[in-house]
Amino acid sequence: MSPGANRLGPIACVTVRTPSLAATEAAYGEFLHYRVVSRSPVSRFQAELWGVPGLAGTPALLMAPAAATDFVFRFVEIPAEPGYRAFRRHGWHAAELIVDRVDPLAKLLRASPFEIVSPPLDLSFCPDIRAMQIRGPGGEILYLTEFKQPVPGLDSPPARCAVDRTFIVIVGGSSLDAMQGYFSTTFGVPTTPAMESRVQTMALEFGLSREHRFRIAALPLVGRCYIEADEMPPQAQSLPTATQELPSGIAMVSFFAKATDAQQAGTSLFSLPEVAPPYAGASGVACVRGAAGEWLELIIRP
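What you are looking at is a predicted structure, and each value in this text was computed from that prediction instead of being measured.

J.: Which parts of the structure should I look at to understand the overall build of the protein chain?
T.: If you tally the helices and strands in the protein chain, you get 6 helices and 16 strands. Taking 302 residues into account, the globule formula puts the C-alpha radius of gyration at 19 Å, and the protein chain, at 18 Å, falls close to it. Along the three orthogonal principal directions, the C-alpha set of the protein chain runs to about 45 × 45 × 35 Å. Out of the 302 residues belonging to the protein chain, those deemed buried represent 56%. The long-range share in the protein chain, meaning contacts at least 24 apart out of those at least 6 apart in sequence, stands at 70%. Per element, the accessible surface of the protein chain, about 12,000 Å² overall, is 53% carbon and sulfur. Here the protein chain contributes 25 positively and 28 negatively charged side chains, and the mean placements of these two sets differ by 2 Å.

J.: I'm lost on the layout of surface pockets in this one. Help?
T.: Remark: the empty space left among the atoms is shown by a probe the size of a water molecule rolled over them. Space inside the largest pocket adds up to approximately 600 Å³. Taken together, 33 residues form the lining of the largest pocket, with L123, F125, S197, I216 and E228 sitting closest to its centre. Looking at the lining of the largest pocket, the elements with two or more residues in it are β6 (115-123), β7 (126-135), β8 (141-147), β9 (163-173), β10 (195-198), β11 (213-220) and β12 (226-231). When residues in the lining of the largest pocket are grouped by element, the largest group, 5 residues, is from β7. For the lining of the largest pocket, a count of residues per class yields 21 nonpolar, 8 polar and 4 charged.

J.: What exactly am I supposed to notice about the state of the cysteines here?
T.: The bond known as a disulfide is covalent and runs between the sulfur atoms of two cysteines. With the rule as written, the count across this model stands at 0 disulfides. Free of any disulfide, C161 has its nearest neighbouring cysteine sulfur in C225, separated by 14 Å. Residue classification places C161 among the buried positions, given a relative accessible area of 16%. C287 carries a free sulfur, and the closest cysteine sulfur to it, the one in C13, is 12 Å from it. A residue is classified by how much of its surface remains accessible, and C287, at 13% relative accessible area, is buried.

J.: Sorry if this is basic, but what is going on with helix α1 (residues 21-31) here?
T.: What sets the pattern is the α-helix's 3.6 residues per turn: residues three or four places apart point alike. Where α1 is concerned, the buried positions are L21, T24, A27, Y28 and F31. The buried residues of α1 occupy an angular sector of 150° when the element is viewed end-on, so they sit on one face. For α1, the exposed residues lying more than 90 degrees away from the buried face are A22 and E30. H33 sits one or two residues past α1 and shows a positive phi near 65°.

Reading guide: rules and limits
- Residues numbered from 1 in each chain as written.
- Predicted model: local features only at pLDDT ≥ 70, side-chain atom pairs only at ≥ 80, totals over all residues.
- Heavy atoms only, no water.
- Helix = DSSP H or I, 4+ residues; strand = E, 2+ residues; numbered from the N terminus.
- Rg over C-alpha atoms; globule rule 2.2 N^0.38 Å.
- Buried < 20%, exposed > 50% of the residue type's maximum accessible area, 1.4 Å probe, protein only.
- Contact = heavy atoms within 4.5 Å.
- Areas by Shrake-Rupley, 256 points an atom, 1.4 Å probe, with all protein chains shown as cover.
- Lys, Arg positive; Asp, Glu negative; His and termini not counted.
- Charge placed at Lys NZ, Arg CZ, Asp CG, Glu CD.
- 1 Å grid on protein atoms, 1.4 Å probe; cavity = no way out; pocket = protein on both sides within 12 Å on 5 of 7 lines; lining within 4 Å.
- Points joined across faces, edges and corners; volume = space filled by probe spheres on them.
- Nonpolar A, V, L, I, M, F, W, Y, C, P; charged D, E, K, R; others polar.
- Disulfide = S-S within 2.5 Å.
- Arc of directions from axis to C-beta.

What follows is the structure, given as structure tokens:
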């Protein structure tokens with residue numbers, strides 16, 4: 001594959017493991033204004049694709065923002081992992097949602113089931129971006145991000161409703177260079193210069209100051225989406241390489257991709273018997289692990 005021929009994106013789905021679909025539906029519906037688009041359990045096809053056949057029949061729920069169904073959260077009901085905390089180990093850490101105005105949302109969320117991890121703050125490297133961080137019913141971390149005005153070099157989608165789609169996903173691993181190299185070599189995602197930035201949720205998990213700077217990079221995808229890659233402290237845990245269940249918190253991220261990407265990623269492409277979101281219009285699907293052990297679902301579109 002030629003470098004620079006970016007083929008990954010946009011982000012189609014974020015899969016979250018949660019101990020209670022009812023609690024999750026209530027929280028996302030009332031406070032983030034997401035709506036249910038499907039209540040179908042995990043299919044046998046999906047369970048085989050993800051390499052967790054015992055997951056077939058597990059209750060699951062798809063929810064989309066009020067504006068459209070071009071992005072969905074997929075919630076899968078699995079008992080909580082004792083002691084799980086996001087940002088302590090490698091893999092997917094958070095989903096970043098574009099919002100219209102973050103400060104009024106923060107006031108609403110004070111009386112919600114979501115835990116406010118960090119109140120609204122301007123980003124250390126860009127005061128035109130203001131964001132807060134919350135923890136959901138499954139321990140998942142969400143960033144809620146407002147662009148006060150367009151930011152040169154960061155082509156973000158508009159907020160079409162109060163709380164819109166995920167446009168950035170955050171992955172953490174031991175080596176920023178390895179994570180950038182994986183996405184560049186496999187999918188043609190351009191590498192970008194590293195930045196020193198606050199990642200408050202991770203800092204708190206490792207007993208560091210909220211002002212601690214981590215080495216991160218924003219990797220541009222197709223469709224005005226991004227992967228933020230965070231280099232984690234040496235004491236961060238690795239994801240298990242062999243497991244029979246979904247990882248806790250944000251378990252997997254689904255991206256639209258090209259058919260050749262499955263081969264480049266070293267995995268098989270499955271024919272698609274399902275046509276509901278996030279697979280609508282797709283011709284096939286594959287599942288692969290990234291450089292930090294993170295799970296990626298590749299949804300193939302022509």
